[in-house]
Amino acid sequence: MTSKVANVDLGKSHVFLTGGTGFLGQAVLERLLTDHPGTKITLLIRKKGSTPAIDRLRTLLRKPVFSVWRDKVGDAGVEAAIKNRLRVVESGLGALPALPKDLDVVIHSASTVSFDPPIDQAFDTNVGGAVGLYEALLKAGGDPMVVHVSTAYVGGIRKGVAPEASLLHEVDWRAEYEAAKGARARVELNSRQPHELRRFIEQARAVHGKEGPQAVSKAAEAARVEWVQSTLVDYGRTRAESLGWTDVYTLTKSFAERAAEELWAQNGHRLSIVRPAIIESALRHPYPGWIDGFKVADPLIIAYGRGQLPEFFGLPDSVLDVIPVDFVVNVILAVAANPSVVGEPEYFHVGSGASNPLPIHRVAENILKFFSEHPMPLPGEAGHIIVPTWKFPGGRKVEKSLRRAQRRTESRERWLERFGSSARSRAKLATVQQRKGDLEVLSNFTELYRAYVQSEIIFDDTNTKALNDSLPAKRRDDIGFDVAAIDWEDYMQNVHLPSITAMTRVFSTRPVAKEQAVKALPKRTDVVAVFDFEGTVVDMNLATQYLAVRSAGLRKAAAPGEFLGLLANVPGYLRAERRDRGEFIRVFLRRYKGLPYARLQKVVTGDYADTLLRRTYSGAVKRIQEHREAGHRTILVTGSIGILASPLAGLFDEVVASTMHQKDGVLTGYLERPPLVDEARAAWLRQYAKTHQINLAQSYGYGDSHADLVWLELLGNPSAVNPDTNLSREAQRRRWRIYNWKRGSNGLTHDGIVAVSERTGEVANTETVKTGRKGVGASK
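Being a predicted model, the structure only gives us computed values, none of them experimental.

Draft legend 1. Spatial organisation of the overall build of the chain. Across its full length, the chain carries 26 helices and 24 strands. The buried share among the 780 residues of the chain stands at 52%. Taking contacts inside the chain between residues at least 6 apart in sequence as the whole, the part at least 24 apart equals 78%. Of the accessible surface of the chain, which amounts to about 35,700 Å², a share of 52% is contributed by carbon and sulfur atoms.

Draft legend 2. Structural detail: helix 21 (residues 581–589). Buried within helix 21 are the following residues: Arg 581, Gly 582, Phe 584, Ile 585, Phe 588 and Leu 589. Considered in projection along helix 21, the buried side chains sweep an arc of 160° and stay on one side of the axis.

Draft legend 3. Representation of the environment of Ser 230 in the model. Within the secondary structure, Ser 230 sits in helix 8 (residues 213–243). You can call Ser 230 partly exposed: its relative accessible area is 40%.

Draft legend 4. Spatial organisation of the pattern of salt bridges. Across all of its chains, the model carries 35 salt bridges by this definition. Residue Glu 176 pairs with Arg 239 through a salt bridge whose shortest N-O separation is 2.6 Å. Highlighted residues: Glu 176 in helix 5 (residues 173–181) and Arg 239 in helix 8, separated in sequence by 63 residues. Residue classification places Glu 176 among the buried positions, given a relative accessible area of 14%. Arg 239 gets classed as partly exposed once you look at its relative accessible area, which sits at 28%. Between Arg 733 and Glu 730 there is a salt bridge, with its nearest N and O atoms 2.8 Å apart. Here Glu 730 and Arg 733 lie together in helix 26 (residues 725–734), a separation of three residues that amounts to about one turn. Under the relative-accessibility criterion, Glu 730 is labelled buried at 16%. Salt bridges sharing partners connect three or more residues here, namely Arg 31, Asp 35, Arg 475 and Asp 478.

Draft legend 5. Main features of the nonpolar core. By size, the foremost hydrophobic cluster in this structure holds 104 residues, and its most contacted members are Leu 29, Leu 61, Leu 86 and Ile 107. Tallying contributions element by element places helix 11 (residues 325–337) first for this core, with eleven residues. Aside from chain neighbours lying at most four places away, what touches Leu 61 is Leu 29, Leu 33, Phe 66, Trp 69, Arg 70, Val 78, Ile 82 and Leu 86. Residues Met 540, Val 603, Ala 645 and Leu 671 belong to the second largest nonpolar core, which totals 49 residues.

Draft legend 6. Structural detail: the packing of helix 14 (residues 423–453) against helix 26. Interhelical geometry of helix 14 versus helix 26 gives an angle of 65° and a closest axis separation of 11 Å. Seen from above, helix 14 lies across helix 26 with right-handed handedness. Contacts between helix 14 and helix 26 involve Arg 426, Leu 429, Ala 430 and Gln 433 from the former and Thr 725, Ser 728, Arg 729 and Gln 732 from the latter. When its residues are assigned to classes, the contact of helix 14 with helix 26 shows two nonpolar, four polar and two charged.

Draft legend 7. Spotlight on the packing of aromatic side chains. Taken as a whole and assessed by the stated rule, the structure comprises 24 aromatic pairs. Ring centres of Trp 684 and Tyr 688 lie 5.4 Å apart, and the angle between their planes is 35°; this geometry places the pair in the tilted category. In this pair, Trp 684 and Tyr 688 both sit in helix 24 (residues 678–692), four residues apart, roughly one turn of the helix. Ring pairing ties together the aromatic residues Tyr 304, Phe 312, Phe 313, Phe 370, Phe 371, Trp 390 and Phe 392, which thus form one cluster.

Draft legend 8. Region of interest: a positive patch on the surface. A cluster of basic side chains, namely Lys 397, Lys 400, Arg 403, Arg 404, Arg 407, Arg 408 and Arg 435, defines a positive patch on the protein surface. The greatest single-element share of the positive patch, amounting to six residues, is contributed by helix 13 (residues 395–417). On the secondary structure map, Arg 435 appears in helix 14. The class of Arg 435 is partly exposed, set by a relative accessible area of 39%.

Criteria and cut-off values
- Residues numbered from 1 in each chain as written.
- Predicted model: local features only at pLDDT ≥ 70, side-chain atom pairs only at ≥ 80, totals over all residues.
- Heavy atoms only, no water.
- Helix = DSSP H or I, 4+ residues; strand = E, 2+ residues; numbered from the N terminus.
- Buried < 20%, exposed > 50% of the residue type's maximum accessible area, 1.4 Å probe, protein only.
- Contact = heavy atoms within 4.5 Å.
- Areas by Shrake-Rupley, 256 points an atom, 1.4 Å probe, with all protein chains shown as cover.
- Arc of directions from axis to C-beta.
- Salt bridge = Lys/Arg side-chain N within 4 Å of Asp/Glu carboxyl O.
- Core = buried A, V, L, I, M, F, W, Y, C linked by side-chain atoms within 4.5 Å.
- Axes fitted to C-alpha atoms, helices over the stretch in contact; angles between N-to-C directions.
- Left-handed = near helix turned anticlockwise from the far one by under 90°.
- Nonpolar A, V, L, I, M, F, W, Y, C, P; charged D, E, K, R; others polar.
- Phe/Tyr/Trp six-rings, centres within 6.5 Å; stacked < 30°, edge-to-face > 60°.
- Patch = residues over 30% accessible without salt bridge, like charges linked within 9 Å, V, L, I, M, F, W, Y side chains within 5 Å.
- Lys, Arg positive; Asp, Glu negative; His and termini not counted.
- Charge placed at Lys NZ, Arg CZ, Asp CG, Glu CD.

Here is the structure:
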């Protein structure tokens, strides 16, 4: 650097900007539009979905960063800029079209924004993007000054002072790039090996077996895709560590620098590399606190404010090298206006650690002070979160404590999942799962940020300070970047923390899901209300139904033996239930083998009906009546034999059930057709809707079991009734309504017996049959 006064005007330069839609790129574009009115700007913007690049540019210019500029120039000025100053190259970095030859300045700020992406994506964006850009510039034949935006952390895992110079490593970046490009194909191939596929299937069957084979195959494939992704992430992380870098992000950024040096500078062109540290909200421009989404340090700060970081894994004397975004922009534009010598790249660190360090313990003091004075609200409750005071016991101790907490939480989750679902157990499980999620967040933070909050590296900023000192004295307050002048307490308390917590409260203080008020049902005739039977309408399952039938039809002396026989078979039934709901129904209904059908009819219309009435949920009766009054077609569906549901058939328009095969009037224990459960019920529902012109998107469904999920999700208004653990989890995740129906006064009386068509998969109108005993209807 020379001691002469630096140039601060880009004049009529034609500037090519990559990464213009990102955080830093937006700020650079805003400064160009505001302070360099003579420039012409070409932006590299890719098409997104069906939205062309020019429309993305218009949307971009409506963002808050451009608000001051828009107010100054007005709508007409914005349109004039789009017409006369701004150009768009619609492309990504991977396959650039021909670039203009008359470019004067190139600012390359595009890169992946993740520390931990899959290895192929990281290399493709950071290395492949740089290679594609410099090859396109060489092909264009021009000689622009290139400002290559990197990161201060490109030097890898090290201690001490990092100089503003070319990186000292001998890694063959081209070989690494080729290996990374082939990583996905190799991992994809491994994921399709028989032993891996069997593992995915077994895992999927354990969780989704009750939903049906298609659900299992879908979950198995999702697990395979997730495994590929996580393996590629681990591949990148491990390869970076093996070469001496913190993560694949910094590894690929270092290789991108080498590509810039070899492809551009060594081919006789001008190159400067700007290495920002941790970029955060603006100190002054375009206005104090401007930020576009959470950046590197912010998730940790917000997690602390939410009470999710009881202790910290960083080193108290490690420097958190934070720099406001407007300082980085000012460096980039000053470097662009003062080109380097041909073939001699210059390097600029933009950080605070060397000239105005902000140690972790000082950050901790600031966030404790801020969140004590401005606490975040407790979700859905009165009161506020009380934040902890960190004692910095050491990273290993914090991580060990975290692992213990995760094991305890997982153990408690498994314990709760073993018990039947109730409103109380669901609330406890939701709390445990929230805690589990918080611990996973903390675990991810520990993995991602360990190197940055335990860093012992200081970035020399001699070149950057010299450039700042060479700016015209009267312009330094506006376009300068003297980090020594930053008052960190003022910045943290009055600029940055208010900015990111304001964003948090916008996005995360939605009301906690509560029992929603039940709205009046819309009157329409093109919808159905489908009710599962056991566990949804009645507080009974196949076993209690069977015992009710047997106790009503057997001598009292025989009932205990029947109960003990049933109890002895429970383990087998549970195994069948876990594997497949249909299998369980088939196995269990074999117990009816040898029972005369006429005798079963007599029992059902007698004491069994009384038992069924007593165990019918009053909430179910009320809801069924509401649907019928609204003109909805009500359907009761059960995988069991229809005669067991017949006492309640009068409540519904239709009943769909199984039929048991008979021989000479005696039940054989075999069903006439497969039971209508899980995916079979979903297939029936689709066909029924098609045949009867039913609008499923506006229809209703009620189920209690995880096996009901596959057909409930076809309906626009699904509800879980006293759900089991797995259905409860899905219902909460999808924000479905959950009912806690109980037995009680349901207003049901005997006033007719309803005959039910027991043809599996077919629906027949229920009709009252005149008999000596009365069936079920609603009392008036």
